[in-house]
Amino acid sequence: MVKEVDSCVQPAAGPLVPEPTPVEGVSPPEEEVKMVMARVGKEAPDFEASAYVAGEGFKNVKLSDYRGQWVVLCFYPGDFTFV
Amino acid sequence: MKELGVEVLSVSTDSRFTHKIWNEVELSKMVEGGIPFPMLSDQGGRIGTVYGVYDEDAGVNIRGRFIIDPDGVIQAMEVLTPPVGRNPAELIRQIKAFQHVRATGGAEATPSGWTPGEKTLKPGPDLVGKVWEVWKP
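As the structure is a prediction and not an experimental result, all values here were calculated from the model.

**Q** Got a sec to walk through the interface of chain B and chain A? Specific residues and values, please.
**A** Counting from both sides, the interface comprises 62 residues of chain B and, opposite them, 46 residues of chain A. Here chain B meets chain A over a buried area of about 5100 Å², counting both sides, of which 65% is carbon and sulfur. Among the residues chain B hides against chain A, the three largest losses belong to Leu9, Arg16 and Val50 of chain B. Together they make up 15% of the total. Joining chain B to chain A, the criterion identifies 22 residue pairs in polar contact (both at pLDDT 80 or more). For the side of chain B that touches chain A, the secondary-structure elements that each account for two or more residues are β1 (6-12), α1 (16-30), β2 (39-41), α2 (46-50), β4 (60-61), β5 (63-68), β6 (74-80) and α3 (88-103) of chain B. In terms of residues, the side of chain B that touches chain A owes the most to one element, α1 of chain B, which gives 10 residues. Residue composition of the side of chain B that touches chain A, grouped by class: 32 nonpolar, 17 polar and 13 charged. Taken together, the 3 bridges between strand β2 (residues 47-53) of chain A and β2 of chain B define a ladder with antiparallel strand orientation.

Spelled out as structure tokens, the structure:
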């Protein structure tokens, strides 16, 4: 296993799109994989992001790690802003 | 949030390094010990795009808030433009209402403004046209 280093740029996986299961005899569509948009009543699109956790440091967090728990996902414009 | 068994994840387009310093330098002066939940980095806004909150002109995620249940289903969302902050009391009320509905297996629904302890509604043939009998705002 490669030891994780805190490099300056560590791309997170971003949205995780399930691999389409190839159907025999049907060639996969050439179009890019359809992005699933978030909607109420539908499954939340999974993703992986690098994160800072106070007391733990840097780690990668996947939304699906929190299955079985209620989650509040909060987006905001930026650190060190005012509201 | 901890009492409600809810995990909070915050997301912005800042790097995790910025998150660390913001928490240490500023947030820790507002909240004892700094904020306890993971601060996620969405550089490039790809996660925000999928959640419909990424503003590609400004290059930031606007204020979007999603309540996700233990099955991974989004139960509620609220999106605000940047200058107006959120109301945590309403978030908590919604979480309690969704948790109540889930605990009843969906047999009960909560009318507008419901808070725990108040009357709920039991949707079904007997209630149609008779909500006025059991619930008045």
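**Q** Please set out the pairing of β1 of chain B residue by residue, giving values where relevant.
**A** The buried fraction of β1 of chain B is high, at 7 of 7 residues. Side chains Val6, Val8, Ser10 and Ser12 of chain B of β1 of chain B all project onto a buried face; the interleaved residues Glu7, Leu9 and Val11 of chain B project onto the opposite face, where all are buried too. Where strand β4 (residues 70-75) of chain A lies against β1 of chain B, 6 bridges are found, and the strand directions are parallel. Across the sheet, residue Cys74 of chain A finds its bridge partner in β1 of chain B, namely Ser10 of chain B. Assessed by its sense of winding, the connection that carries the chain from β1 of chain B through α1 of chain B to β2 of chain B is right-handed.

**Q** How would you summarise the nonpolar core if you had to cite specific residues and measurements?
**A** Judged by nonpolar contacts, the single largest core of 22 residues is most densely connected at Leu73 of chain A together with Tyr51 and Phe66 of chain B. Contributions of two or more residues to this core are made by β2 and β4 of chain A together with β1, α2 and β5 of chain B. Ranked by size, the runner-up nonpolar core spans 8 residues in total, among them Trp70 of chain A together with Ile67, Ala76 and Ile95 of chain B.

**Q** Explain the packing of aromatic side chains residue by residue, including any values.
**A** Here the structure, examined in full by the defined rule, presents 8 aromatic pairs over all chains. Relative to Phe66 of chain B, the ring of Tyr51 of chain B has its centre 5.0 Å away and its plane inclined at 75°; by these criteria the two rings are edge-to-face. In this pair, Tyr51 of chain B sits in the loop between α2 and β3 (54-55) while Phe66 of chain B sits in strand β5, placing the two residues 15 residues apart along the sequence. When its relative accessible area of 4% is taken as the criterion, Tyr51 of chain B is described as buried. Under the relative-accessibility criterion, Phe66 of chain B is labelled buried at 0%. An aromatic cluster of three or more residues is present, and its members are Phe47 and Phe75 of chain A together with Tyr51 and Phe66 of chain B.

**Q** Please provide a residue-by-residue account of the side chain of His19 of chain B, values included.
**A** Here His19 of chain B shows up in helix α1. In this structure His19 of chain B touches Tyr52, Tyr76 and Asp79 of chain A together with Ser12, Asp14, Met39, Leu40 and Ser41 of chain B, once residues within four positions along its chain are discounted.

**Q** Go over the environment of Pro111 of chain B with me, naming the residues and quoting the values.
**A** Residues and elements named next belong to chain B. Relative to the helices and strands, Pro111 resides in the loop between α3 and α4 (131-134). Taking the relative accessible area as the measure of exposure, Pro111 reaches 8% and is therefore buried. In the structure, Pro111 is positioned 20 residues away from Val131 in sequence and 9.8 Å away in space, judged by C-alpha atoms. Not counting chain neighbours up to four residues away, the residues in contact with Pro111 comprise Lys119, Thr120, Leu121 and Trp135.

Cut-offs used in this document
Residues numbered from 1 in each chain as written. Chains lettered and ligands numbered in written order. Predicted model: local features only at pLDDT ≥ 70, side-chain atom pairs only at ≥ 80, totals over all residues. Heavy atoms only, no water. Contact = heavy atoms within 4.5 Å. Buried area = accessible area lost by both parts, 1.4 Å probe. Polar contact = N/O pair within 3.5 Å; in protein donor to acceptor, adjacent residues only side chain to side chain. Helix = DSSP H or I, 4+ residues; strand = E, 2+ residues; numbered from the N terminus. Nonpolar A, V, L, I, M, F, W, Y, C, P; charged D, E, K, R; others polar. Pairing = 2+ DSSP bridges. Buried < 20%, exposed > 50% of the residue type's maximum accessible area, 1.4 Å probe, protein only. Right-handed = clockwise from strand over helix to strand, strands pointing away. Core = buried A, V, L, I, M, F, W, Y, C linked by side-chain atoms within 4.5 Å. Phe/Tyr/Trp six-rings, centres within 6.5 Å; stacked < 30°, edge-to-face > 60°.

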